[in-house]
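Secondary and tertiary structure notes
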Amino acid sequence: MSAQHQMPVVPESYWLQSINIPEFPTLEESCKADVGIVGGGITGITAAYLLSKQNYKVVLLDAGKILHGTTGHTTAKITAQHGLIYDELIQHFGVEKAQHYYQAAIEAKQLIETIAKQLNISCELQEEHAYLYTNSDDYIVKLEDEWKAYDKLGIKGELVDKMPLDIPMKTALVMSNQAQFHPLKYLTALTKACIDQGVRFYEHTTAMDVEYNNHPAIITKEGQRVTCRYVIAASHFPFYDGQGFYPTRMYADRAYIVAMETPKKYPGGMYINAETPTRSIRSTKIAGKDLWLVVGENHKTGQGKPTIEHYEALQRFAQKEFDASKCLYRWSAQDLTTLDKVPYIGPVTKEQQNVFIATGYRKWGMTNGTIAAKIITDHIMEKDNPYTELFSPARFQADPAIRKFTQFNADVAKHLIKGKLEYPDNDVAQLKNDEATVTRVQGKRTGIYKDMDSKLHIVDTTCTHLGCEVEWNSGDRTWDCPCHGSRFSYDGAVIEGPAKKPLQKRDAAELD
């Protein structure tokens, strides 16, 4: 039996399947608030909690269901060890700002711990050492340089030649006393605290734009307005650009997770390798047993090999290294990377100081998302925050921003042109159940998915964001845009932005 057949047919996040998340109504009439937040993930809910504690009236909108986006698909490591980053930050930003990046992550960890303690949240929060390891001779020097960066920044770290996890490695850099948790147990409790403090939540309410006057107003897809003093775009990809040109300053990247059973006892610790392909390992508990979470296979959204192969690669790795016997869950996650790898947190532009964005977490959303809520809350409360300048969306570092800007947008242009020049003529009659293809129907590039019941779902493959052509994602049964990372269900509904409108549906009669 192939690895694919041993995996769950449908990708589902363990976090989402293991807890009941509250449901909320759709916004049906215009309203007012002190702060309007768009996005029900860790940033939006944390900001709502912090602001409502200070008696701000808060309304939070989500285009789908809260906690079902990136936060519900995280690895849930709470750590300042974000891969090989500190040596690079010193080179690009200098020692002081590199220290700020580390301190911001540690402050985020402390804030999560404080809130969990104050609210008595049982969320499997526990300290773990974090290991950045390599089995490649080429990366030993890079780990040594990172260790030297730790020393310059006052980070307690140690190079070791052994880890608790029995896996091939040549050396590892350990950062002690980091943490992990069940993110949705934490955030559902935080949501309840928000409700108790007067926060109003609305689901299935898509924010389309901000009308920026003396008091900004969030405009929804159905025409309602949330008039407020401040707007926080915590929607993963900012739903409002404000001419900040964010699609040209970030790229979307996907990673995959398999949750495996194994006869081995998990030895503790959180692990990630320095080289590619990425292999990140942590555990959680299910029915009192260790559930091993194996993560990796990063690639740009909408690009590369059939995505089911990424799941299969992780499963083979887990079977080889840990004698993993069964895959209980599989899911994928998407995040955004900025020009200089540091998130954009703060006013959307210099001219629009009452509208804030928080994006570009580079897969380290538990710490970056939490500190984003704190930075924006401090800004609204007119309190100084030491991290404001580092994370400012208005910053521009000549190195590496110019080079990365050119690379990002050359890649976008390549895929835009490629999609328009393709003339696929695949035979729809050859489609098997649970397969998709791209063909031309009446001259238009068209995507067709045949579901388990032999029903055809037909969409125009032109992304409704900026017109790139989407590609089929076989692992998750979605249409993904290779230009800016928008994702759509097989019948065209928006799953991830920046797109706000669904793919146009095509009529089966057009196939005749």
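Residues numbered from 1 in each chain as written. Predicted model: local features only at pLDDT ≥ 70, side-chain atom pairs only at ≥ 80, totals over all residues. Heavy atoms only, no water.

A count of helical and extended segments in the chain gives eleven helices and 26 strands. Relative to its length of 512 residues, the chain is compact, with a C-alpha radius of gyration of 23 Å against a globular reference of 24 Å. Dimensions of the chain along its principal axes, counting C-alpha atoms only, are 70 × 60 × 50 Å. Scored against the burial criterion, the 512 residues of the chain give a buried share of 59%. Look at the contacts in the chain between residues 6 or more apart in sequence, and 71% of them connect residues 24 or more apart. As displayed, the chain offers around 21,600 Å² of accessible surface, 48% of which is attributable to carbon and sulfur atoms. A distance of 1 Å separates the average location of the 58 positive side-chain charges in the chain from that of its 64 negative side-chain charges. (Helix = DSSP H or I, 4+ residues; strand = E, 2+ residues; numbered from the N terminus. Rg over C-alpha atoms; globule rule 2.2 N^0.38 Å. Buried < 20%, exposed > 50% of the residue type's maximum accessible area, 1.4 Å probe, protein only. Contact = heavy atoms within 4.5 Å. Areas by Shrake-Rupley, 256 points an atom, 1.4 Å probe, with all protein chains shown as cover. Lys, Arg positive; Asp, Glu negative; His and termini not counted. Charge placed at Lys NZ, Arg CZ, Asp CG, Glu CD.)

It is worth spelling out the sheet that holds strand E12 (residues 230–233) at this point. Sheet strands associate in pairs through backbone hydrogen bonding, adopting either a parallel or an antiparallel arrangement. Taken in spatial order, the six strands of this open sheet run E8-E3-E2-E12-E19-E18, and their pairing is mixed. Of all the strands in the sheet, just strand E8 (200–202) and strand E18 (344–349) have a single pairing partner and so form its edges. For this sheet, the mean inter-axis angle between neighbouring strands, taken without regard to orientation, is 20 degrees. Direction of pairing for strand E3 (residues 58–61) relative to E8: parallel, over a ladder of three bridges. Within E8, the residue paired with Leu61 across the bridge is Tyr202. With respect to the sheet, helix H3 (residues 42–53) is in contact with strand E2 (35–38), E3, E8, E12 and strand E19 (352–359), its orientation differing from that of E3 by roughly 170 degrees. Of the strands in this sheet, E2, E12, E18 and E19 touch helix H9 (residues 365–380), which is tilted by about 170 degrees from E19. (Pairing = 2+ DSSP bridges. Axes fitted to C-alpha atoms, helices over the stretch in contact; angles between N-to-C directions.)

What follows deals with the packing of aromatic side chains. This structure, assessed with the given rule, holds 19 aromatic pairs. Pairing Tyr449 with Trp472 gives two aromatic rings, centres 5.1 Å apart and planes at 25 degrees, and the pair type is stacked. Here Tyr449 is found in strand E21 (residues 444–450), whereas its partner Trp472 is found in strand E23 (residues 471–473), with 23 residues between them in sequence. The class of Tyr449 is buried, set by a relative accessible area of 2%. By relative accessible area, Trp472 is classed as partly exposed at 22%. An aromatic cluster of at least three residues, connected via ring pairs, comprises Tyr86, Tyr101, Tyr102, Tyr150 and Phe391. Lying over the aromatic face of Phe317, Arg279 brings its terminal NZ or CZ to 5.2 Å of the ring centre. Between Lys300 and the ring centre of Tyr251, over which it is positioned, the NZ or CZ distance is 4.9 Å. (Phe/Tyr/Trp six-rings, centres within 6.5 Å; stacked < 30°, edge-to-face > 60°. Lys NZ or Arg CZ within 6 Å of the ring centre and 35° of its normal.)

By size, the foremost hydrophobic cluster in this structure holds 89 residues, and its most contacted members are Tyr86, Tyr186 and Ile232. Here this core gets eleven residues from one element, more than from any other, and that element is helix H5 (residues 95–118). (Core = buried A, V, L, I, M, F, W, Y, C linked by side-chain atoms within 4.5 Å.)

Further remarks concern the state of the cysteines. In total, this model carries one disulfide according to the counting rule given. Paired through a disulfide, Cys468 and Cys483 show a sulfur-sulfur distance of 2.0 Å. The sign of the S-S torsion, about -95 degrees, decides the handedness of the disulfide formed by Cys468 and Cys483: left-handed. With Cys468 in the loop between strand E22 (456–460) and E23 and Cys483 in the loop between strand E24 (478–480) and strand E25 (487–489), the pair connects residues that are 15 residues apart, well separated along the chain. In this structure, Cys468 and Cys483 share a single accessibility class: buried. Counting only cysteine sulfurs, Cys123 is the nearest neighbor of Cys194, a cysteine outside any disulfide, at a range of 15 Å. (Disulfide = S-S within 2.5 Å.)

So, about the sheet that holds E22. Read from one edge to the other, the open sheet built from three strands follows the order E20-E21-E22, with strand pairing classed as antiparallel. One side of each edge strand has no neighbouring strand; the edge strands of this open sheet are strand E20 (435–441) and E22. The average angle at which neighbouring strand axes cross in this sheet is 25 degrees, direction not considered. Two elements, E20 and E21, share seven bridges in a ladder whose sense is antiparallel. Counted as the bridge partner of Glu435 is Lys450 from E21.

Here we come to the packing of helix H4 (residues 86–93) against helix H6 (residues 137–153). Each pair of packed helices can be summarised by the angle the axes make with each other and by the distance between the axes. Viewed as axis vectors pointing N to C, H4 and H6 meet at an angle of 65 degrees, and their least axial separation amounts to 7 Å. In contact with Tyr86, Asp87 and Ile90 of H4, H6 contributes Asp145, Glu146, Ala149, Tyr150, Lys152 and Leu153.

On to H6, then. Under the 1.5 Å per step criterion, the end-to-end length of H6 is 25 Å for 17 residues, consistent within 8% with the ideal 24 Å. Taken as a whole, H6 has its buried residues at Tyr139, Leu143, Glu146, Ala149, Tyr150 and Leu153. In an axial view of H6, the angular spread of the buried residues amounts to 110 degrees, which keeps them on one side of the axis. Seen from the buried face of H6, the exposed residues on the opposite side, beyond 90 degrees, are Asp137, Lys148, Asp151 and Lys152. Where the residues of H6 are buried, they touch H4, H5, strand E5 (126–134), strand E6 (157–160) and strand E7 (171–180). One or two residues past the end of H6 sits Gly154, with phi positive at roughly 75 degrees. (Expected span 1.5 Å × (residues − 1). Arc of directions from axis to C-beta.)

The next thing to look at is the packing of H4 against H5. Two numbers describe how H4 lies on H5: the axes approach to 7 Å, and their chain directions differ by 140 degrees. The orientation of H4 relative to H5 falls into the category oblique. Once H4 is placed against H5, the crossing between them reads as right-handed. Contacts from Tyr86, Leu89, Ile90 and Phe93 in H4 reach Val95, Lys97, Ala98, Tyr101 and Tyr102 in H5. (Parallel < 35°, antiparallel > 145°, perpendicular 65-115°, else oblique. Left-handed = near helix turned anticlockwise from the far one by under 90°.)

Bringing the environment of Thr388 into the picture now. When you line up the elements, Thr388 lands in helix H10 (residues 388–391). Reaching out from Thr388, the side chain makes a polar contact with the backbone oxygen of Asn385 at a distance of 3.1 Å. (Polar contact = N/O pair within 3.5 Å; in protein donor to acceptor, adjacent residues only side chain to side chain.)

Nothing here speaks to function; it is geometry throughout.
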